[in-house]
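Fold and geometry: a report
Chain residues, written in single-letter form:
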Amino acid sequence: MCFTFVNLPLVRVVDPRFVPKLQLTKSFSLVTAIHDILKNQHILLTYLQSEYYAALGFFTDLHSYNLWKALVYALDIVVYPKDIIMGTKHNQSSHRPRSPVSIFVVLGLCCFFYLLGAWQKSGFGKGDIIAMSITQQTDCSIPTNLDFEPHHKSVEVISTSEPKTKVFEPCDAKYTDYTPCQEQDRAMTFPRENMIYRERHCPPEEEKLHCLVPAPKGYTTPFPWPKSRDYVYYANVPHKSLTVEKAVQNWVQFQGNVFKFPGGGTMFPQGADAYIDELASVIPIADGSVRTALDTGCGVASWGAYMLNRNVLTMSFAPRDNHEAQVQFALERGVPAVIGVLGSIRLPYPSRAFDMAQCSRCLIPWTANDGMYLIEIDRVLRPGGYWVLSGPPINWKIYYKTWKRSEEDLQAEQQNIEDLAESLCWEKKYEKGDIAIFRKKLNDESCRRNSATICEAGDADDVWYKKMETCITPFPKVENAKEIAGGELRKFPARLFAVPPRIAKSLVPDVTVESYEEDNQLWKKRVRHYKRSNSLLGTTRYRNIMDMNADLGGFAAALESPKLWVMNVVPNIAKNTLGVIYERGLIGIYHDWCEGFSTYPRTYDLIHGSGVFSLYENKCNLEDILMEMDRILRPDGSVILRDEVDVLNKVKKIVGGMRWEAKLIDHEDGPLLPEKILVAVKQYWVIGSTGNSTTDDQ
């Protein structure tokens, strides 16, 4: 007739004299316990809490449990957990001594409940008879089909009655360079007016491929940066047409089993470095003022490749046209680029994104459609940013015969461009030889423009599949003529972790300065955790990296290094944070992951996604997103996904049939959190492969 206190530190005893007595005594008689309790009057335990402690095994038999219930009910006393009231000294004097009557009542109740417990234990109690009857009728045999698999660690166990993992077969060899939303056959069915046929035209659901896009035979891991800037394996991009078409312009040369990129271009045949040096004589490229740039009609992106030497990230784009694989060459070189065109749809970038933009013989009709294309460049150009135009009609007096155009026509075209630039609040800063440089003013305080051409109030960052307009995006309001519209940016690299103006001005819903800084620390912690699983992260092994749901750009900022670059994708259904990403000196793009991405196959070394599949779970088929990831991921490329465990289990089941090796690992804060991390590697295989390993296929 005794009871034992287990793990007594859970019980808080206010009177210091009572603490050592209970902690040093493992078992004592009920009478002693009652005496000490009444003497000290400071063990506090409610009736319901006694049920809880009983479940934990504090009481060794039914007698002790019933006596204890009677005791705590009579005294109306409470036991608090040690961690709740530790140090609350003012509670020590809050309880008055009990009267002798209470003592006799308690003792009487204790004796009653003791006898009640003994009677039930003897088997004569009705409750015990019922319990024994139920026990005898119950089948306590252990089922043979119990599932002890820890589901928070791996894929749900599939019983023999469920279908096996779906295995995805390789596509036909003709799909080696498949770009779902820029396919030539589909493009030719659309109007050529305003380059509409070169814009995104994605296949309907019934025409989507559900096979794995193969790599060409002989595919090899690209050269590491910076060697990749100058050399690309022929087997990876087996297209020689540019070596013939652009031979005199020094774009690309074919040597043995590689392509060599000398760094030339149509307007800089002597090399991109010399061209950039001339620009830098006017534009402050060297001091970090210019960090993000846009190259319209980029060719093989040699300008962007050499701007990386000046610590400038360039977003290059060009259409998929008769200049075969130009964007594919750019990405194979390790240079940021996407398939794109200035047509009828707004560019997939936010307003005030780029510090400079350039057109190097891009042949875009800048004054056509009431200046719509230059107005779109103005939308994405930051106040104080620069626009470079090299090529027609600049220097028309020298080239009008070569271009087979009249002097009057070319002179009128240049004048129209300059008039349009003035209406955009741009100022021509430089013209020499083949180059003209304009600068956008800091604000509209000194602008002379017709107010009728200004766009009405609206979201200038709402651009996904939105038509271009001929109205001018207004400057953000300023308080004086010297203030930079939209906010001043610090020079890079300080700008990477400085508070972006959009956040400082509370322009991003639910994002504050404090939450932004916390997000930075969180992603630094997460990237450290990733590196413990993949020590090659942050090295030249992964040059082209994509973040599928970039949010504030914390992942890219934590990884920032000259060895790599990150394409920060902001889904069109997520919070619009791409403007913040550009203000940090990073680059990115809007996209809908229910559709194909504007790039060639095998163009990214590593793909990261946080919460992507939860975001799209009820929007489109997760299988389609994973198939698109597989298309753009290089053989032997890696994937890091973080999401809820149930979602990742579905993902892991699908990729099991995609020639990926995948596993789930715990959250950086431990195994008890429902969010997990899936890490995977795409196996090496090429056209005609039968095995899955690199050795087999090579």
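This text gives an overview of the structure that appears in the document. Keep in mind that this is a model prediction, so the values were computed, not measured.

Some remarks on unusual backbone geometry
In the segment running from Pro392 into Pro393, the intervening peptide bond is cis, with an omega of 5°. Looking at where Pro393 falls in the secondary structure, it is placed in the loop between strand E10 (381-390) and helix H14 (396-399). Cis geometry marks the peptide bond from Phe492 to Pro493; its omega dihedral reads 15°. By secondary structure assignment, the location of Pro493 is in the loop between strand E12 (435-440) and helix H16 (501-504). Residues other than glycine seldom take positive phi values, yet Asp510 does so here, at roughly 65°. Relative to the helices and strands, Asp510 is located in the loop between H16 and helix H17 (513-533).

Focus: the packing of aromatic side chains
For the structure on display, the rule yields 20 aromatic pairs. With a centroid separation of 5.7 Å and 55° between ring planes, the pair formed by Tyr234 and Phe259 is classed as tilted. Of this pair, Tyr234 sits in the loop between strand E3 (231-233) and helix H9 (241-245) while Phe259 sits in strand E5 (residues 258-260), placing them 25 residues apart in sequence. Using a relative accessible area of 26% as the deciding quantity, one classes Tyr234 as partly exposed. Note on Tyr349 and Phe354: the rings are 5.5 Å apart at their centroids and 85° apart in plane angle, and the pair reads as edge-to-face. Across the pair, exposure class does not vary: Tyr349 and Phe354 are buried alike. A connected cluster of aromatic rings, assembled from ring pairs, spans Tyr234, Phe254, Phe259, Phe261 and Phe329. Residue placement shows Lys240 over the ring face of Tyr234; its charged tip is 5.3 Å from the ring centre. The ring of Trp523 has Arg526 sitting right over it, with the charged end atom 4.7 Å from the ring centre.

Criteria and thresholds
- Residues numbered from 1 in each chain as written.
- Predicted model: local features only at pLDDT ≥ 70, side-chain atom pairs only at ≥ 80, totals over all residues.
- Heavy atoms only, no water.
- Helix = DSSP H or I, 4+ residues; strand = E, 2+ residues; numbered from the N terminus.
- Phe/Tyr/Trp six-rings, centres within 6.5 Å; stacked < 30°, edge-to-face > 60°.
- Buried < 20%, exposed > 50% of the residue type's maximum accessible area, 1.4 Å probe, protein only.
- Lys NZ or Arg CZ within 6 Å of the ring centre and 35° of its normal.

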